[in-house]
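Here is what each chain is made of, one letter per residue.
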Amino acid sequence: MPVDTKAATDRLMRFLSVEGVTGQEAAIGRELTAALKESGVPAKAIRLDDANTRIPVPTETGNLIVDLPGRGALHNQPRIMFMTHMDTVPLCAGAKPKKSGRKIVNEAKTALGGDNRCGCGVLVTLAAELAKQKLDHPPITLLFCVREESGLYGARHVKLDELGSPAMAFNYDGGSASNVIIGAVGADRWNVEIFGRASHAGVAPERGISSTMIMALALADVKAGGWFGKVVKGKSQGTSNVGPVTGGEGRPAGDATNVVTDYVHVRGESRSHDGKFFKEITKAYKAAFEKAAKKVTNAQGKSGKVKFKAETDYFPFRMKDNQPVIKRAIEAVSAVGGTPNVRTANGGLDANWMVRHGVPTVTFGAGQNEAHTIDEWINLDEYDRACALAVQLATMR
C-alpha cells in the first residue's frame, strides 16, 4: 500500500522535537494524541490507562491506548495490536533533530531519540493511512508504552483486558524494518548495599571497615571468575554489567578522603536467553560481595556486611517458528520489498512482557541507528519501509 512518506517524516520530526525521557512522557503523550486526532482518529478512541499508578517509580502518565474499529471485509477478523514505547533515554534531553539527505541527525551533543520516536511515527502514520485511504482492516489496538527504557514498566503493568485481547501484536523498536525479532533475553536487575565502619583514615584507619574495599574485592573476584561482561560457561551464555556506584540516592560513595567509607550502593544487571543462567550470573555477584565482606575486617576483628537484592526485570522468550504472528510478519516484510531477517535480540523489549501476558509479539525496527549514543541517527529509507510494513500488516487478508 502506498504511504505518504513526506507526512510520515514530518510527523517524525515533530515527535523528535518533543522531550520525553523515561518517566516523563506526559508531553509526548499529548503531542501523540493531537497528531492522532489530526489524522482522523476520534477523541473517544484515545485514552490513557492507569499503569503509572502501579509502576514502583515516579511516572507522569499511563500508557496511551487507541482503539480502531475494524472496517470493510476484515471488520470481524481477530483484533491485532501495534505497539511501541514513547519514552527515550535521559541522554536524549535537549536533542535538535535535523534532516540531512535521507538521514535525520542531531545538531546537539545528545542522543537523538529515534529510539523510539520512530516507533511513534510509524503507529500514527498507520492510523492516518488507514483513515485517509479507507482501507479494510480488522479491529486494531495501538499501544504507546511508558518507561520502556527504565525497565519495560509500561508493558509490564498494562492490563490485557484494556487492550481488547489482541490475537497477536507487532512491536516497533530498534534497527532495520526487515528484522523479524521473535525472541529476546531475560534479565535480573540487582543492587547491593555495603555496610562498613567509618573511622579517621589518618588517625585510626585500623578501626574502620572500608565499604569501598569490599566492593573492589568483590568486583575483582567476579572479573577473575569470568562473570563480568560477556559470560560463557560451557554451553551457557549471557552478559552482566555493573552500573551506578553511589552512596545511595545519588550521593557520593564516601564524604571525604580522610574518612574510611562506611557505605556504598552498587547497581547492576545480569542477562541471558537462558532463564536459569542469568540467575546463575546474579548468584555469582551475590556470593562475591558476601565473600568480600567477610575478608575486610578492622583491628577488633569485625567485618563488613552486605544486603543484596535482585529482581527479575523481564523473562526471556523465543517463539516457535510456526506461529501465525511470525508467518504474517515474514510475508509482510517480503511484500514491502524487504528480506526477512528472523532473529533474537540481546536487549529487553516490551515484547518480553506482551508474550508473558499471552500475546504473541514480533518486533521490527524503524530505521534507528546507534541508539543511546550521541552518534544516533535515523535512516529514512528504513523508516519509510517500516511505515509501509505497518500498513501491510494491518490490511493483509
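Residues numbered from 1 in each chain as written. Predicted model: local features only at pLDDT ≥ 70, side-chain atom pairs only at ≥ 80, totals over all residues. Heavy atoms only, no water.

- Where an unreviewed UniProt entry is consulted, the protein chain appears under the name M20/M25/M40 family metallo-hydrolase, with the organism given as Bradyrhizobium barranii.
- Listed in UniProt under the heading Cofactor (unreviewed entry), the comment for the protein chain reads: "Zn(2+)". (UniProt positions renumbered as here; feature names shortened; annotations may be inferred.)

### Examining the overall build of the protein chain
Phase 1 of the analysis: Summing up its helical and strand segments, the protein chain has nine helices and 18 strands in all.
Phase 2 of the analysis: Its C-alpha atoms give the protein chain a radius of gyration of 24 Å, within 12% of the compact-globule value 21 Å for 397 residues.
Phase 3 of the analysis: Across its three principal directions, the C-alpha atoms of the protein chain cover 80 × 40 × 40 Å.
Phase 4 of the analysis: By the burial criterion, 52% of the 397 residues in the protein chain qualify as buried.
Phase 5 of the analysis: Here the analysis covers contacts within the protein chain between residues at least 6 apart in sequence; of these, 79% occur between residues at least 24 apart.
Phase 6 of the analysis: Of the accessible surface of the protein chain, which amounts to about 17,200 Å², a share of 51% is contributed by carbon and sulfur atoms.
Phase 7 of the analysis: On the protein chain, the mean spot of the 51 positive side-chain charges and the mean spot of the 42 negative ones are 4 Å from each other. (Helix = DSSP H or I, 4+ residues; strand = E, 2+ residues; numbered from the N terminus. Rg over C-alpha atoms; globule rule 2.2 N^0.38 Å. Buried < 20%, exposed > 50% of the residue type's maximum accessible area, 1.4 Å probe, protein only. Contact = heavy atoms within 4.5 Å. Areas by Shrake-Rupley, 256 points an atom, 1.4 Å probe, with all protein chains shown as cover. Lys, Arg positive; Asp, Glu negative; His and termini not counted. Charge placed at Lys NZ, Arg CZ, Asp CG, Glu CD.)

### Side note on the UniProt feature "domain: Peptidase M20 dimerisation" (unreviewed entry) in the protein chain
Phase 1 of the analysis: Those places that UniProt annotates as "domain: Peptidase M20 dimerisation" (unreviewed entry) correspond, in this numbering, to residues 183-295.
Phase 2 of the analysis: In this annotation, residues 183-295 is assigned 29% helix and 34% strand; the end-to-end C-alpha distance for the span is 42 Å.

### Brief notes about the packing of helix α1 (residues 5-16) against helix α9 (residues 380-395)
Phase 1 of the analysis: Contact pair α1 / α9: the axes reach a minimum separation of 10 Å and the direction vectors enclose 110 degrees. One finds that α1 runs roughly perpendicular with respect to α9. Two secondary-structure elements touch here, α1 through T5, A8, T9 and L12 and α9 through L380, Y383, D384 and C387.
Phase 2 of the analysis: Residues belonging to the contact of α1 with α9 are distributed by class as follows: five nonpolar, two polar and one charged. (Axes fitted to C-alpha atoms, helices over the stretch in contact; angles between N-to-C directions. Parallel < 35°, antiparallel > 145°, perpendicular 65-115°, else oblique. Nonpolar A, V, L, I, M, F, W, Y, C, P; charged D, E, K, R; others polar.)

### Some thoughts on the layout of surface pockets
Phase 1 of the analysis: Empty space within the largest pocket amounts to approximately 1,100 Å³.
Phase 2 of the analysis: Along its surface, the largest pocket is lined by 37 residues, and E148, E149, G151, R189 and R271 are the ones closest to its centre.
Phase 3 of the analysis: Within the residue set of the lining of the largest pocket, elements represented by two or more residues are β8 (179-184), β9 (186-195), β11 (236-246), β12 (263-272), β13 (305-314) and β15 (341-345).
Phase 4 of the analysis: Take the lining of the largest pocket: its biggest share by element is four residues, from β12.
Phase 5 of the analysis: Lining the second largest pocket are 14 residues; nearest its centre among them are G40, P42, L68, P69 and R71.
Phase 6 of the analysis: Where the lining of the second largest pocket is concerned, the elements lending two or more residues are β2 (64-68) and α3 (114-133).
Phase 7 of the analysis: No other element matches α3, which puts three residues into the lining of the second largest pocket.
Phase 8 of the analysis: When grouped by side-chain class, the residues that make up the lining of the second largest pocket number eight nonpolar, three polar and three charged. (1 Å grid on protein atoms, 1.4 Å probe; cavity = no way out; pocket = protein on both sides within 12 Å on 5 of 7 lines; lining within 4 Å. Points joined across faces, edges and corners; volume = space filled by probe spheres on them.)

### Things to note about the pairing of strand β10 (residues 229-233)
Residues in a regular strand project their side chains so that they alternate between the two faces of the sheet.
Phase 1 of the analysis: The pairing of β10 with β11 spans five bridges and is antiparallel. For K230, the partnering residue across the bridge sits in β11 and is T239.
Phase 2 of the analysis: Counted between consecutive antiparallel strands, the loop separating β10 from β11 contains two residues, among which G234 sits at a positive phi close to 65 degrees. (Pairing = 2+ DSSP bridges.)

### Thoughts on unusual backbone geometry
The phi torsion of most residues other than glycine is negative, and most of the peptide bonds are trans.
Phase 1 of the analysis: The amide bond that connects D115 to the next residue, N116, takes the cis arrangement and shows omega of 15 degrees.
Phase 2 of the analysis: As for its position among the elements, N116 is in helix α3.
Phase 3 of the analysis: Unlike most non-glycine residues, R147 shows phi in positive territory, near 50 degrees.
Phase 4 of the analysis: Turning to its location among the elements, R147 is positioned in the loop between β6 (140-145) and α4 (153-157).
Phase 5 of the analysis: If you check the backbone angles, H372 has positive phi at about 70 degrees while not being a glycine.
Phase 6 of the analysis: As for its position among the elements, H372 is in the loop between β17 (368-369) and β18 (377-379).
Phase 7 of the analysis: Classification of H372 as partly exposed rests on a relative accessible area of 40%.

### Examining the pattern of salt bridges
Phase 1 of the analysis: One pass over the full model with this rule turns up 18 salt bridges.
Phase 2 of the analysis: Note that R318 is salt-bridged to D321, the shortest N-O span being 2.8 Å.
Phase 3 of the analysis: Overall, the relative accessible area of 51% leaves R318 in the exposed class.
Phase 4 of the analysis: Here the salt bridges share partners, and the residues they tie into one network are R14, E31 and E38. (Salt bridge = Lys/Arg side-chain N within 4 Å of Asp/Glu carboxyl O.)

### Points about the packing of aromatic side chains
Phase 1 of the analysis: Tallied over the entire structure, the rule returns ten aromatic pairs.
Phase 2 of the analysis: Through pairs of rings, three or more aromatic residues link up here, namely F82, F170, Y172 and F364.
Phase 3 of the analysis: Taking NZ or CZ as reference, K233 lies 4.6 Å from the ring centre of W227, over its face.
Phase 4 of the analysis: Directly above the aromatic system of F315 lies the positively charged group of R356, at a separation of 3.7 Å from the ring centroid. (Phe/Tyr/Trp six-rings, centres within 6.5 Å; stacked < 30°, edge-to-face > 60°. Lys NZ or Arg CZ within 6 Å of the ring centre and 35° of its normal.)

### Some points on the side chain of T361
Phase 1 of the analysis: Residue placement: T361 occurs in strand β16 (residues 361-365).
Phase 2 of the analysis: Of note is the side chain of T361, whose polar atom sits 2.8 Å from the backbone oxygen of V359.
Phase 3 of the analysis: T361 has contacts with M83, A169, F170, N171, I181, F317, M319, A351, M354 and V355, leaving out every residue within four places of it along the chain. (Polar contact = N/O pair within 3.5 Å; in protein donor to acceptor, adjacent residues only side chain to side chain.)

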